[in-house]
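Report on the structure
Single-letter residue listing:
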Amino acid sequence: MNPVAALRGRIDRWFLSRRPPSDTLELTQRNVYIVPTRAGWMLGATLLVLLIASINYQLNLGYLLTFLLAGSVAVGMHVSHATLRGLSMHLIAPEAQYARAGAVFRVVLHNARRSVRYGIGMAVRGSGQWAWTDVPAESSATVEIAFQPETRGLHPVPPLTAETRFPLGTFRVWTVWRPAAQMLVYPAPELHPPPLPPGEPLSGQAASAALMRSQGAGEYDGVRAYRRGDPLKLVVWKKAAKAQAAGSEDLVSRDAQQAQREELWLDAEATGLPDLEARLSRLCAWVSMADRLGVDYGLRVAGRTLKPSQGEAHRRACLEVLATC
Amino acid sequence: MLKRLAALPRDARDTLFLLVVIGIVVLPQIGNLPWWCTGLTAAVLLWRGTLAVQARPLPGRWWRAALLAVTLIATFATHRTLLGRDAGVTLVIVLLALKTLELRARRDAFVVFFLSFFAMLTNFFYSQSLMTAITMLVALLGLLTALVNAHMPVGRPPLTQAAKTAGWMALAGAPIMLALFLLFPRLAPLWGTPGDAMAGRSGLSNTMRVGTIAQLALDDTIAARIKFDGAVPAQRDMYFRGPVLAQFDGREWTALLPWARGALQPNLRVQGAPVRYEVTLEASNRPWVLTLDAASSAPRVPAGIEVTGTSDLQWFANRTLNDLVRYRAESYTQFSSGPLQRTASLQAYQALPNGSNPRTVALAAQMRSDPALAGADTPALVRAVLERLRTGGYTYTLDPGIYGNDTADEFWFDRKEGFCEHIASSFVILMRALGVPARIVTGYQGGELNVIDNYWVLRNSDAHAWAEVWQEGSGWQRVDPTGAVAPGRVGRLQRLVPEPGIFAGAIGAMAPTFAIDMRAAWEAINNGWNQWVLNYTQSSQLNLLKNIGFDAPSLEDLAYALIYLLIGASLIGAAWTLWDRRSHDPWLRLLRQARNRLQRAGLELPDAAPPRQMALQTRERFGPAGQATHDWLLKLEAQRYARASPEADTTLRGLRAEFRRLAWPR
């Protein structure tokens with residue numbers, strides 16, 4: 001890395017470290033910055049040429065034109081700064097995302113002013129993927145900022161930036177915002193994963209537990225007591241209605257794996273892949289696959305074990321383990 | 001049609017709007033541009049508009065290159081150069097139109113905007129009138145609107161919204177414009193103005209072919225405006241001196257070359273009190289500095305111009321006057337000039353080409369042989385010729401027909417009609433044939449008072465030619481032979497006016513003075529524009545400073561005034577920022593200040609802690625030392641939330657004062 005870039009990186013980190021992280025940011029004189037754009041410099045050069053022409057040809061009307069334009073640009077600078085100044089931004093707690101997949105942050109912009117703020121762009125700092133919005137007078141607007149998380153894990157939300165060039169495009173007015181919220185990024189699922197691994201035979205204890213369970217339910221084969229996380233379509237609603245009439249609150253689900261004597265373990269060792277990240281990617285893909293099939297699955301990875309189960313809560317728990325292990 | 005416009009996609013609508021604005025920028029130029037330039041520009045703009053409406057792709061690079069090549073060739077063919085001012089204007093206009101053909105990215109749009117600003121400025125090379133200013137103001141607002149609109153990226157905002165923002169910015173920018181306009185030091189031209197500036201203006205000429213002033217006589221445009229300081233001289237004495245023509249080649253009168261005028265001082269002899277006045281001379285593209293006959297000292301012209309006088313009482317600037325100039329001068333209406341004794345240099349004023357106007361020469365010989373005139377001096381000869389003009393059936397007309405070769409012969413013997421230049425020319429030829437040194441003076445005579453602003457207006461139709469004859473013992477004397485033919489012409493008792501058009505005639509029939517009043521009012525407005533805007537020169541700037549209180553203002557003081565103004569504006573801006581911050585909730589600000597104090601003392605407080613919680617935590621942490629703060633915080637709470645209760649009667653101001661006095665725990 002060349003020294004200039006290194007220095008820039010240092011200045012940048014120092015600059016960022018000065019902003020206290022917060023999920024809400026009030027934009028004031030202190031955190032809104034302004035510099036002329038390239039078009040602004042060009043307009044400046046145009047003004048200079050107009051002025052020189054006015055001097056050389058002694059055109060008083062030329063002076064008037066030049067100065068009126070200069071005055072308008074000066075006012076434009078103020079308008080530009082005021083477009084961001086006084087705005088308040090609030091980050092809505094971000095959902096967990098898959099790595100390397102298109103994701104969005106949602107930010108609510110609140111405008112207390114009695115006039116509209118036009119042309120405000122927001123982006124993850126340095127991404128260049130701008131989302132543009134107007135914020136109506138005394139009201140708020142929600143922006144969805146596209147971004148692509150690169151690595152799994154629990155990350156702080158990357159620094160965001162808001163920018164405007166309204167009204168003349170001669171000045172770039174921007175702010176940098178470090179939200180305090182954290183964001184969970186799951187591993188990127190493998191694109192074309194192999195089929196799920198074969199089930200492992202139930203150990204004696206687990207097998208008898210399964211038997212007990214089916215007997216405990218006291219019902220026919222294929223039905224078991226409702227467990228948290230069971231898909232609603234598996235609930236036997238007729239029985240539920242009967243049970244309710246009898247004064248019981250218990251629900252029952254159809255048990256697809258009733259006859260099953262083996263259970264599905266998603267094991268990092270079983271993937272046969274040497275690299276941890278590759279294993280996690282495959283496990284991630286398998287979790288989604290198993291969840292779609294509606295089977296019970298357990299997870300064994302990096303010394304952590306999640307017992308076989310299914311449902312949304314289980315899926316999230318599995319993905320979280322994959323994200324943070 | 002409007003519905004279709006409203007239904008256009010935003011892109012097409014914005015493009016059409018910008019094209020219309022460009023049209024407004026270019027429109028006033030049409031008269032100054034070569035015909036092909038106007039045609040090409042209009043065609044390209046229309047083409048681009050059609051493409052936008054039909055959402056068709058823009059033409060390829062080859063099209064643009066070809067059009068550019070055509071433009072360069074045509075410009076070179078028209079102006080014989082690609083540089084120069086006129087060629088530059090032509091190029092800027094066509095480039096502006098061509099650039100719209102690649103109006104895609106924001107960068108291209110910016111180039112169009114900047115070219116438009118240049119094109120607007122080029123307008124002022126040709127006209128700085130009030131009308132031009134109004135048109136350009138509209139164009140500037142249009143351009144700003146388009147620029148603002150381009151920076152409203154969301155949806156399809158109505159153009160009126162962008163127009164409102166642009167208008168507001170221009171309005172708020174106007175004070176800045178005014179300050180800069182008043183105080184920005186007016187400098188002399190940085191390099192010589194190219195010679196093609198102001199080409200093709202009508203006005204007085206330094207040659208006179210008999211019959212050409214006729215066009216001027218019908219030209220109602222204003223040549224100059226005069227403001228007299230005190231007493232206004234009689235209208236019949238208002239002769240404004242232009243070129244003096246003394247060399248005649250049989251067809252055309254021209255000014256003598258400088259060295260042939262005689263290396264004499266003007267020898268001006270004046271009588272009576274001087275007349276002081278200020279002249280606002282319209283652009284003439286000539287170096288003449290018009291003065292009332294006869295100015296004894298050089299007119300005081302703006303910086304950047306130097307004037308020199310000649311022996312025939314003319315004043316010349318060191319450059320052509322391509323724009324409005326205002327200057328002050330001092331003149332004496334009673335004067336004579338030139339040598340008192342006959343000198344060799346007077347020979348030049350007696351010369352006549354051989355063989356021209358033989359009948360006039362014969363007339364002179366016949367008069368000389370008349371016993372009544374034998375040995376007569378100049379006044380007697382002048383009286384005799386004027387008598388002939390008065391009684392010989394000569395008439396004054398603006399439409400004398402076309403004269404042949406020997407104009408004086410035709411005038412004296414055949415047609416016997418004409419206007420000032422026929423009469424003056426024939427008079428001078430006859431005087432020269434009689435052996436009297438004589439010359440033609442051209443300029444303006446008379447003028448008209450605009451009662452609204454008390455300026456005397458000289459129009460090109462007031463252009464006049466008269467004669468001066470030399471007389472032993474008293475020098476050059478003015479003789480206006482036209483007065484002998486048409487006494488009303490001199491002194492403006494009667495004026496030949498071209499027939500009014502149908503429209504003007506109809507208005508005149510209904511309200512005879514209406515048209516005159518309207519014209520007077522409009523010209524007064526225009527004159528105000530000239531005086532206050534176009535004539536705002538370095539000396540006006542320094543005068544302004546003098547009025548503000550500078551004793552001996554200089555350019556340096558201007559810079560100081562500008563800097564002071566800048567500092568003042570910044571201070572106002574800072575004050576406004578403070579006020580803006582104040583306008584946030586003062587109660588919340590006070591609470592935040594208290595929180596900062598406590599946090600500095602080491603108390604851990606969440607940002608959202610209400611005053612009561614802060615109070616409790618303070619007492620818990622600091623014990624009795626925090627009691628005062630605790631009480632104050634509770635009062636702060638009461639002030640906000642329990643205003644009805646008696647102990648909450650403290651005002652925010654009181655709380656703030658207490659805040660300052662409070663012994664904060666450390």
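Residues numbered from 1 in each chain as written. Chains lettered and ligands numbered in written order. Predicted model: local features only at pLDDT ≥ 70, side-chain atom pairs only at ≥ 80, totals over all residues. Heavy atoms only, no water.

1. What about the sheet that holds strand β6 (residues 117-124) of chain A?
Residue and element names in this part refer to chain A. In spatial order, the strands read β2-β11-β10-β6-β7; together these five strands make up an open sheet with antiparallel pairing. Lying at the two open borders of the sheet, with one neighbouring strand each, are β2 (33-36) and β7 (131-135). Averaged over all neighbouring strand pairs, the angle between strand axes comes to 30 degrees, with direction disregarded. Examined bridge by bridge, β6 and β7 share four bridges and lie antiparallel to one another. By the bridge assignment for β7, I120 is matched with T133. (Pairing = 2+ DSSP bridges. Helix = DSSP H or I, 4+ residues; strand = E, 2+ residues; numbered from the N terminus. Axes fitted to C-alpha atoms, helices over the stretch in contact; angles between N-to-C directions.)

2. Re the packing of helix α11 (residues 378-391) of chain B against helix α13 (residues 420-433) of chain B
All names here are of chain B. Two elements in contact, α11 and α13, have axes whose closest approach is 11 Å; the angle formed by their N-to-C orientations is 140 degrees. Comparing the axis directions of α11 and α13 gives the class oblique. Relative to α13, the crossing made by α11 is right-handed. The segment α11 lies against α13, with L381, V382, V385, L386 and L389 engaging I423, F427, L430 and M431. For the contact of α11 with α13, the class distribution of residues is nine nonpolar, no polar and no charged. (Parallel < 35°, antiparallel > 145°, perpendicular 65-115°, else oblique. Left-handed = near helix turned anticlockwise from the far one by under 90°. Contact = heavy atoms within 4.5 Å. Nonpolar A, V, L, I, M, F, W, Y, C, P; charged D, E, K, R; others polar.)

3. Some points on the confidence of the model for chain B
Residues and elements named next belong to chain B. Put simply, chain B has an average pLDDT of 81, and 88% of its residues get 70 or more. Contacts for the low-pLDDT stretch residues 193-202, under 50 throughout, to residues beyond four places or in other chains number 21 contacts. In the predicted assembly, ipTM is 0.77 and pTM is 0.65. (pLDDT = per-residue confidence, 0-100.)

4. Structural notes on the interface of chain B and chain A
Each side of the interface is counted separately: chain B has 54 residues, and chain A has 43 residues. The three residues of chain B that bury the most area against chain A are F114, L121 and M169 of chain B, which together make up 13% of that side's buried surface. On inspection of chain B and its partner chain A, the count reaches zero salt bridges. On inspection of chain B and its partner chain A, the count reaches four residue pairs in polar contact (both at pLDDT 80 or more). Residue assignment for the side of chain B that touches chain A shows that the elements contributing at least two residues are α6 (106-126), α7 (130-150), α8 (159-183), α16 (514-534) and α18 (555-582) of chain B. The biggest single contributor to the side of chain B that touches chain A is α8 of chain B, with 12 residues. (Buried area = accessible area lost by both parts, 1.4 Å probe. Salt bridge = Lys/Arg side-chain N within 4 Å of Asp/Glu carboxyl O. Polar contact = N/O pair within 3.5 Å; in protein donor to acceptor, adjacent residues only side chain to side chain.)

5. Considerations on the nonpolar core
The biggest cluster of nonpolar side chains holds 85 residues, and the ones touching the most others in it are L18, F113, F117, M120, L140, V148 and W529 of chain B. Sort the elements by how many residues they give to this core and α6 of chain B lands first, with 13 residues. Excluding its chain neighbours within four sequence positions, the residues that come into contact with L140 of chain B are L65, L68 and L69 of chain A together with F117 and M120 of chain B. (Core = buried A, V, L, I, M, F, W, Y, C linked by side-chain atoms within 4.5 Å. Buried < 20%, exposed > 50% of the residue type's maximum accessible area, 1.4 Å probe, protein only.)

6. Thoughts on the sheet that holds strand β5 (residues 252-254) of chain B
All names here are of chain B. In space, the three strands of this open sheet follow the order β1-β5-β4, with antiparallel pairing throughout. This sheet does not close on itself; its edge strands, each paired only once, are β1 (207-209) and β4 (247-248). Against the sheet, α13 touches β1, β4 and β5, its axis set at about 80 degrees to β5.

7. Some words on the pairing of strand β5 (residues 103-111) of chain A
All names here are of chain A. Of the two faces of β5, the one lined by A103, F105, V107, L109 and N111 is fully buried and the one lined by V104, R106, V108 and H110 carries no buried residue. Both strand β3 (residues 87-92) and β5 contribute to a ladder of six bridges, which runs antiparallel. Looking across to β5, one finds that S88 is bridged to H110.

8. A look at helix α6 (residues 276-293) of chain A
Residues and elements named next belong to chain A. Taking 1.5 Å per residue, 18 residues should reach 26 Å; α6 reaches 25 Å between its end C-alpha atoms and fits that length. By the burial criterion, the buried members of α6 are R279, L280, S281, R282, L283, C284, A285, W286, V287, S288, M289 and A290. Of the surrounding secondary structure, the elements contacted by the buried residues of α6 are β4 (97-98), β16 (262-267), β17 (297-301) and α7 (312-324). Trailing α6 by a residue or two, G294 shows a phi angle of about 75 degrees, which is positive. (Expected span 1.5 Å × (residues − 1).)

9. Description of the pattern of salt bridges
Working definition: two side chains of opposite charge can pair if their charged atoms are close together. Residues and elements named next belong to chain B. Summed over all chains, the structure comprises 29 salt bridges over all chains. Between E102 and K99 there is a salt bridge; the shortest N-O distance is 2.5 Å. In this pair, the class of E102 matches that of K99, namely buried.

10. Examining the packing of helix α19 (residues 586-600) of chain B against helix α20 (residues 611-622) of chain B
The relative placement of two packed helices is expressed as an angle between their axes plus a distance between the axes. Residue and element names in this part refer to chain B. As a packed pair, α19 and α20 sit with axes 11 Å apart at the nearest point and diverge in direction by 20 degrees. Relative to α20, α19 is oriented roughly parallel. Remark: the crossing between α19 and α20 carries left-handed chirality. Mapping the contact onto sequence places W587, L591, A594, R595 and L598 in α19 and P611, M614 and T618 in α20. Here the contact of α19 with α20 is composed, by residue class, of six nonpolar, one polar and one charged.

11. Comments concerning unusual backbone geometry
With an omega dihedral of 0 degrees, the bond running from F166 of chain A to P167 of chain A counts as a cis peptide bond. When you line up the elements, P167 of chain A lands in the loop between β10 (160-164) and β11 (171-177). A cis geometry characterises the amide bond from D293 of chain B onward to A294 of chain B, with omega recorded as -10 degrees. Among the secondary structure elements, A294 of chain B is positioned in the loop between β8 (291-292) and β9 (307-309). Positive phi outside glycine occurs at R80 of chain B, with the angle close to 65 degrees. Relative to the helices and strands, R80 of chain B resides in the loop between α4 (61-79) and α5 (85-99). One non-glycine residue, L313 of chain B, adopts positive backbone phi at about 70 degrees. By secondary structure assignment, the location of L313 of chain B is in the loop between β9 and β10 (315-317). Overall, L313 of chain B belongs to the buried group, its relative accessible area being 6%.

12. With respect to a nonpolar patch on the surface
Together, L68, L72, F76, L82, L83 and L95 of chain B give the surface a local cluster of nonpolar side chains, amounting to about 510 Å² of exposed area. When residues of the nonpolar patch are assigned to their parent elements, the largest contribution, three residues, is made by α4 of chain B. (Patch = residues over 30% accessible without salt bridge, like charges linked within 9 Å, V, L, I, M, F, W, Y side chains within 5 Å. Areas by Shrake-Rupley, 256 points an atom, 1.4 Å probe, with all protein chains shown as cover.)

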